Amino acid sequence: MSGPVPRVPREEVRRRLLEAAAKVFAERGYQAARLDEIAHAAGFTKGAVYSNFASKQALLAELIDQHVRTRFAASALELRAGKAPERAVEDIAEVVARGIVEQDTWGRLLVEIGQQAGHDPAVRAVYVEVRRALRDELAAQVARTCEEYGIELAVPPEQIALTLQSLRLGLALEHGTDPEQVDRAAVAAVFTTTLRGLIR
């Protein structure tokens, strides 16, 4: 007789659920995706979702938070690896543009969530909290990066963070709609021009 089936560690359950949610949300969109689909894709029952996340909105919030923080960390590493003060603006714009183009599924998902938050209070409650936290972190990263590169800001880092956050979402929508014309070079050019207007 075989022994008892080992219990899957909680962190592993959460990791698998988040990975499954990313896949299902990307394939079906947030509104159409169902929790039982996510649980099945992760190899669990629907109960596993509710024992780890209070709601579909909470699952979405953690997924977005995790994804964006991972992108922040990767972007910071890229910038430090190719640190060249004379090309600081272009390097930053290129990193952001590459993230938009290579993560276009995420761009479409974030646009959908933004629209959903406009008329669904439950989505808005978690989405606003995540967006604010990420905007604060982006502002801190902007301040650190500019200090490292010796860049003087013309406006507060919080204003730059809001500008970049809004621009990123808008360009993700434009790229998703018209990827041939709004390609990586076009996105990088827009960010370069915008960044140059925000520094002295």
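Residues numbered from 1 in each chain as written. Predicted model: local features only at pLDDT ≥ 70, side-chain atom pairs only at ≥ 80, totals over all residues. Heavy atoms only, no water.

Section: the overall build of the protein
Going by this rule: The helix and strand labels rest on DSSP assignments: H or I over at least four residues marks a helix, E over at least two residues marks a strand, and numbering proceeds from the N terminus. Summary of the burial criterion: residues with accessible area below 20% of their type's maximum are buried, those above 50% are exposed, and those between are partly exposed, where the area comes from a 1.4 Å probe applied to protein chains only. The criterion used for residue contact is that any of the two residues' heavy atoms lie within 4.5 Å. Only the protein chains shown count as covering a residue, and every accessible area follows the Shrake-Rupley method with a 1.4 Å probe. By the counting scheme adopted, Arg and Lys are positive, Glu and Asp are negative, and His together with the chain ends is not counted. Think of each charge as sitting on NZ of Lys, CZ of Arg, CG of Asp or CD of Glu.
Along the backbone of the protein there are 9 helices and 0 strands. Going from the N terminus to the C terminus, the protein shows its helices and strands as α-α-α-α-α-α-α-α-α. Taken over the C-alpha atoms alone, the protein extends approximately 70 × 35 × 30 Å along its principal axes. Burial analysis of the protein (200 residues in total) assigns 41% to the buried set. Residue pairs in contact within the protein that sit at least 24 positions apart in sequence constitute 69% of those at least 6 positions apart. For the protein, the exposed area adds up to about 11,000 Å²; of that, 54% sits on carbon and sulfur atoms. Averaged over its 26 positive side-chain charges, the protein has a centre that lies 5 Å from the centre of its 28 negative ones.

Here we look at the UniProt feature "DNA-binding region" (unreviewed entry) in the protein
Quick note on the threshold: UniProt positions are given in the numbering used here, feature names are shortened, and annotations may be inferred rather than shown by experiment.
UniProt records the feature "DNA-binding region" (unreviewed entry) for residues 34–53 in the present numbering. Here residues 34–53 is 75% helix and 0% strand, with 14 Å between the C-alpha atoms at its ends.

Some points on the UniProt feature "domain: HTH tetR-type" (unreviewed entry) in the protein
Sites flagged by UniProt as "domain: HTH tetR-type" (unreviewed entry) map to residues 11–71. Between the C-alpha atoms that bound residues 11–71 the distance is 21 Å, and the span itself is 80% helix and 0% strand.

A word on helix α7 (residues 121–149)
The criterion, for reference: Here the expected span of a helix is defined as 1.5 Å times the quantity of residues minus one. Polar contact is the term for a pair of N or O atoms within 3.5 Å; when the atoms are in protein, one must be able to donate a hydrogen and the other to accept it, and sequence-neighboring residues count only if both atoms are side-chain atoms.
Helix length check: α7 (29 residues) gives 41 Å between terminal C-alpha atoms against 42 Å at 1.5 Å per residue, within 8%. All buried positions along α7 are accounted for by Val123, Tyr127, Val130, Arg131, Leu134, Leu138, Ala139, Gln141, Val142, Thr145, Cys146 and Tyr149. Measuring from the side-chain oxygen of the N-cap residue of α7 to the backbone nitrogen of alanine 122 gives 3.0 Å; that N-cap residue is aspartate 120. Positive backbone phi, at 75°, marks glycine 150, one or two positions downstream of α7.

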